[in-house]
Amino acid sequence: MDLDAVRTFVAIADAGRFQHAATELSITQQAVSKRVAALERSLGVRLFARTPRGAEPTVDGRAFLPYARELLRAEARAFASVRPGHRALRVDVIGRGLAPAALLRDFHRAHPEVELDVVTLFDADAAVDAIRSGTVDVSFRAVMATGGRLRDDLEVSRAFDEPVQLLTGPAHPLAAARTVTPADLVGHRIWMPGLVPGTEWAAYYDALAAAFGLTIESNGPDFGVEPLLDTIAGSGSLATLVGEQTRLVWPAGHDLRRIAVRHPTPVYPHSLLRHRDNRHPALAALRDHLRDAGGSGHSDDTETWTPAWA
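Residues numbered from 1 in each chain as written. Predicted model: local features only at pLDDT ≥ 70, side-chain atom pairs only at ≥ 80, totals over all residues. Heavy atoms only, no water.

It is worth spelling out the overall build of the protein at this point. Helix and strand content of the protein: 9 helices and 13 strands. For the protein, buried positions account for 44% of its 310 residues. Counted over contacts in the protein with a minimum sequence separation of 6, partners at least 24 positions apart contribute 74%. In the form shown here, the protein has an accessible surface area of approximately 15,800 Å², with 53% of it arising from carbon and sulfur atoms. (Helix = DSSP H or I, 4+ residues; strand = E, 2+ residues; numbered from the N terminus. Buried < 20%, exposed > 50% of the residue type's maximum accessible area, 1.4 Å probe, protein only. Contact = heavy atoms within 4.5 Å. Areas by Shrake-Rupley, 256 points an atom, 1.4 Å probe, with all protein chains shown as cover.)

Put into C-alpha cells, the structure is as follows:
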C-alpha cells in the first residue's frame, strides 16, 4: 500500500478539503486527487464524498480511517527503530556469566537511559559476520591481531584485561595457597572441557599452556558449568582456570577455592569490535565507560602475560 496516498487520505479527512490537504503536504491539489484516486482503486471503494462544505469520508472512508492512522504510526515506529539514538544498542558478550556481561551491567547502571539488546554469539567468526551484516553493533572478543578476517572495515580496540584464576576443590594440593605462579601449575592437571578447537578462547589457553608448559585437558563432554564445578569440588588432582570476573555459584559443601595467579598474571585480552561505519551514539558512551574503568583494575601485579597475537 502506498503510504503517501494513505497520508494524503488522513490529511484530507482531518482538513476537510483537498486544497487544505495539498497545502499541508506541500503538493498540488491535482497530486492530492491522483493519490486518493489511486488509493480508492487499490481498495475498491470510494473514500470521500464531495459536499458544499468540502470532502467528507464515506462510510468506507470512516471505516478505513483508524487503520490508516495506525499504518502511519507503524511507519513512524519503523523509522524510529533504526534512527540513531532511538534503537537499542545491540551488544554481543559471549556468555552472560562472563566478564563482558558484568561490565555491560555496570555500563547500564551508569547509563540507564541507553537501551541495550544483549546477545551471545558463539565465537569471533560469528561476531565478525554479525558486525559486518549489521545484526549487532559491537562485540567483546579476544581478537588475533594477525587474523585474516580483520579488514579495514572493522575497528578493534583493547577494552580490558581480565586476570585468570585457578579454581580447585578443597583436596587439591594447591587448595591452601593464597596465590600461585604459572610455574607452580606445571605438572598439575587443568581440566577445561569447554575449550572448542578453533575458538578464540581455545587459542588463548593453548598459547598459555605452551608458554608455561602447562597440562590443559579438554577431553570429555562439556555438560556445562555446574557439572564442571561438581567434578572439581570432588577431585584431589583436577583444577580449572576461570576469569576473575566469571560469575560462579556453588553449594557451600563444595568449598571451592579461587586462587590468584601471579608473577606473571595471565590476563585474558578482551577487545571491542565494531564496524567503522556504525554511528550509534551510545557507542561513544560505552567506549568512555571502558576508558574510565581503566582496564582490569583488579591486580597490583604489573607483570602480566597475554599471547603475542593479542
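We are not done yet, so read on.
What the rule picks out here adds up to 9 aromatic pairs. Seen from their ring centres, Phe 18 and Phe 48 are 5.9 Å apart, and the 70° between their planes marks the pair as edge-to-face. Remark: Phe 48 occurs in strand 1 (residues 48–51) and Phe 18 occurs in helix 2 (residues 18–25); sequence separation between them is 30 residues. Of the two residues, Phe 18 and Phe 48, both sit in the buried class. An aromatic cluster is defined as three or more aromatic residues linked by ring pairs; in this entry it consists of Tyr 204, Tyr 205, Phe 212, Tyr 268 and Trp 305. Above the ring of Phe 18, the side-chain terminus of Arg 50 is found at 4.0 Å from the ring centroid. (Phe/Tyr/Trp six-rings, centres within 6.5 Å; stacked < 30°, edge-to-face > 60°. Lys NZ or Arg CZ within 6 Å of the ring centre and 35° of its normal.)

With that settled, consider the nonpolar core. Ranked by size, the top nonpolar core spans 25 residues in total, and within it Leu 166, Val 180, Leu 185, Tyr 204, Tyr 205, Leu 208 and Leu 241 carry the most contacts. Contributing elements (two or more residues each) for this core: strand 6 (154–168), helix 7 (200–212), strand 10 (238–243) and strand 11 (257–261). Considering each element in turn, this core owes the most residues, 8 residues, to helix 7. Among residues more than four places away in sequence, those in contact with Leu 241 are Val 164, Gln 165, Leu 166, Leu 185, Ile 190, Met 192, Tyr 205, Leu 208 and Ile 216. (Core = buried A, V, L, I, M, F, W, Y, C linked by side-chain atoms within 4.5 Å.)

In short, the description is geometric, and any link to function would need to be established separately.
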